[in-house]
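Each chain, written out:
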Amino acid sequence: MLQQSALLNVMTAAARKAARGLVRDFGEIENLQVSKKGTADFVSTADTKAEKTLVRELTKARPNFSFLLEEGGEIEGTDTSNRWIIDPLDGTTNFLHGLPHFSISIALERDGEPFAGVIYEPVSDQMFTAEKGQGAHLNNRRIRVSARKNLEESLFATGIPFAGRDGHDRYLQQLKSVMAQTSGIRRFGSAALDLAYVAAGRYEGFWETGLHPWDVAAGIVLVREAGGYVTDMAGKDGMLNSGDIIAANDLLHGTLSKILAKTASK
Ligand code: IPD
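Residues numbered from 1 in each chain as written. Predicted model: local features only at pLDDT ≥ 70, side-chain atom pairs only at ≥ 80, totals over all residues. Heavy atoms only, no water.

A. Just the sheet that holds strand β12 (residues 229-231), in detail. A sheet is described by the order of its strands in space; here 5 strands give the open sequence β10-β9-β11-β13-β12, paired in mixed fashion. Only two strands of the sheet have a single neighbouring strand rather than two, namely β10 (184-186) and β12. For this sheet, the mean inter-axis angle between neighbouring strands, taken without regard to orientation, is 15°. Where strand β11 (residues 205-208) and strand β13 (residues 245-248) come together, 4 bridges link them in antiparallel fashion. For glutamate 208, the partnering residue across the bridge sits in β13 and is isoleucine 245. Running over the sheet, helix α5 (residues 191-199) touches β9 (155-158), β11 and β13 and is turned about 155° from β11. (Pairing = 2+ DSSP bridges. Helix = DSSP H or I, 4+ residues; strand = E, 2+ residues; numbered from the N terminus. Axes fitted to C-alpha atoms, helices over the stretch in contact; angles between N-to-C directions. Contact = heavy atoms within 4.5 Å.)

This is the structure we're talking about:
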């Protein structure tokens, strides 16, 4: 068992507090699902409430830090070198449809670099944590990326573009290429959890384009601290700017990147 740092204590406590409201609201979704009024407004209220709880709790503990929020945008604190990057509900579409696969994602960016990450899956009570130089953990136990190196034994996660996102044709090429060489591809609908699962060795890798910083910032720390590699599609460190990400164990990151690069140039 691990003695968690003060920083991670602050982040996990905030995540647990916000999760209580989310889980309560998720319990209502089933009833709303069949009502004519629908669930969209309800979910966006749940999302905003969770974000407010996170901002309140994190501000209490670290009053000067800045924020980048999915719902609320930028809040500049007096300390601009420390910035929380937050997705209060990653997997909104799942939540909206009553699918119990969603998460809260909190990253601390320090001097422009993802420094610490917490991704909490409230329904299954899985708390993924990582801090630069301290390793990655799931419910306080050390996690590592998988050791699989053969593509044909490997399982990958991805995000499929949807209405309003571009790159549909390119994505179909990528899918065709990856599915022909691997043991499978999953699309579960929370990019933060996809990254946390790569860190935990459940998937060998994950790729998606068109994401936002709050979808990936915490997951980047987790995968790196678990011994994996994370880059954008160009093999660089521009994930937070481009929204494109390839994360994988250390043995397959290069191979996956090459497959995706080939399809990108077609
Ligand atoms: C979404 C999820 C999903 C991914 C989408 C994201 P949201 O985030 O991470 O897995 O495919 O691209 O927008 O909207 O639920 O916070």
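Let's pick the thread back up.
B. Fine view of the pattern of salt bridges. Counted according to the given criterion, the structure contains 10 salt bridges. In this structure, arginine 56 and glutamate 57 form a salt bridge, with 3.4 Å as the shortest nitrogen-oxygen distance. Looking at arginine 56, the relative accessible area reads 47%, which means it is partly exposed. Between arginine 148 and glutamate 204 there is a salt bridge whose closest N-O contact spans 3.0 Å. Taken as a pair, arginine 148 in the loop between β8 (141-143) and β9 and glutamate 204 in the loop between α5 and β11 lie far apart in primary sequence, 56 residues in all. (Salt bridge = Lys/Arg side-chain N within 4 Å of Asp/Glu carboxyl O. Buried < 20%, exposed > 50% of the residue type's maximum accessible area, 1.4 Å probe, protein only.)

C. How the structure looks around the packing of aromatic side chains. One pass over the structure, following the stated rule, counts 7 aromatic pairs. Ring geometry for phenylalanine 95 against phenylalanine 102: centres 4.9 Å apart, planes inclined by 75°, an arrangement best described as edge-to-face. Given the relative accessible area of 1%, phenylalanine 102 is considered buried. For the ring pair tyrosine 171 and tryptophan 207, a centre distance of 6.1 Å and an interplane angle of 25° mean the geometry is stacked. In this pair, tyrosine 171 sits in helix α4 (residues 168-179) while tryptophan 207 sits in strand β11, placing the two residues 36 residues apart along the sequence. (Phe/Tyr/Trp six-rings, centres within 6.5 Å; stacked < 30°, edge-to-face > 60°.)

D. Structural context of the domain arrangement of the protein chain. Domains assigned within the protein chain are domain 1 (6-143) and domain 2 (151-261). With 38 residues of domain 1 at the contact, the number on the domain 2 side is 24 residues. At the boundary of domain 1 with domain 2, total buried surface from both sides reaches about 2200 Å², with 66% on carbon and sulfur atoms. One can count 0 salt bridges joining domain 1 with domain 2. On inspection of domain 1 and its partner domain 2, the count reaches 10 residue pairs in polar contact (both at pLDDT 80 or more). At the level of elements, β1 (65-69), β3 (79-90), β4 (103-110), β5 (113-121), β6 (126-131), β7 (136-138) and β8 are the ones that each hand at least two residues to the side of domain 1 that touches domain 2. Of the residues contributing to the side of domain 1 that touches domain 2, the split by class is 17 nonpolar, 12 polar and 9 charged. (Domains from an automatic or database assignment. Buried area = accessible area lost by both parts, 1.4 Å probe. Polar contact = N/O pair within 3.5 Å; in protein donor to acceptor, adjacent residues only side chain to side chain. Nonpolar A, V, L, I, M, F, W, Y, C, P; charged D, E, K, R; others polar.)

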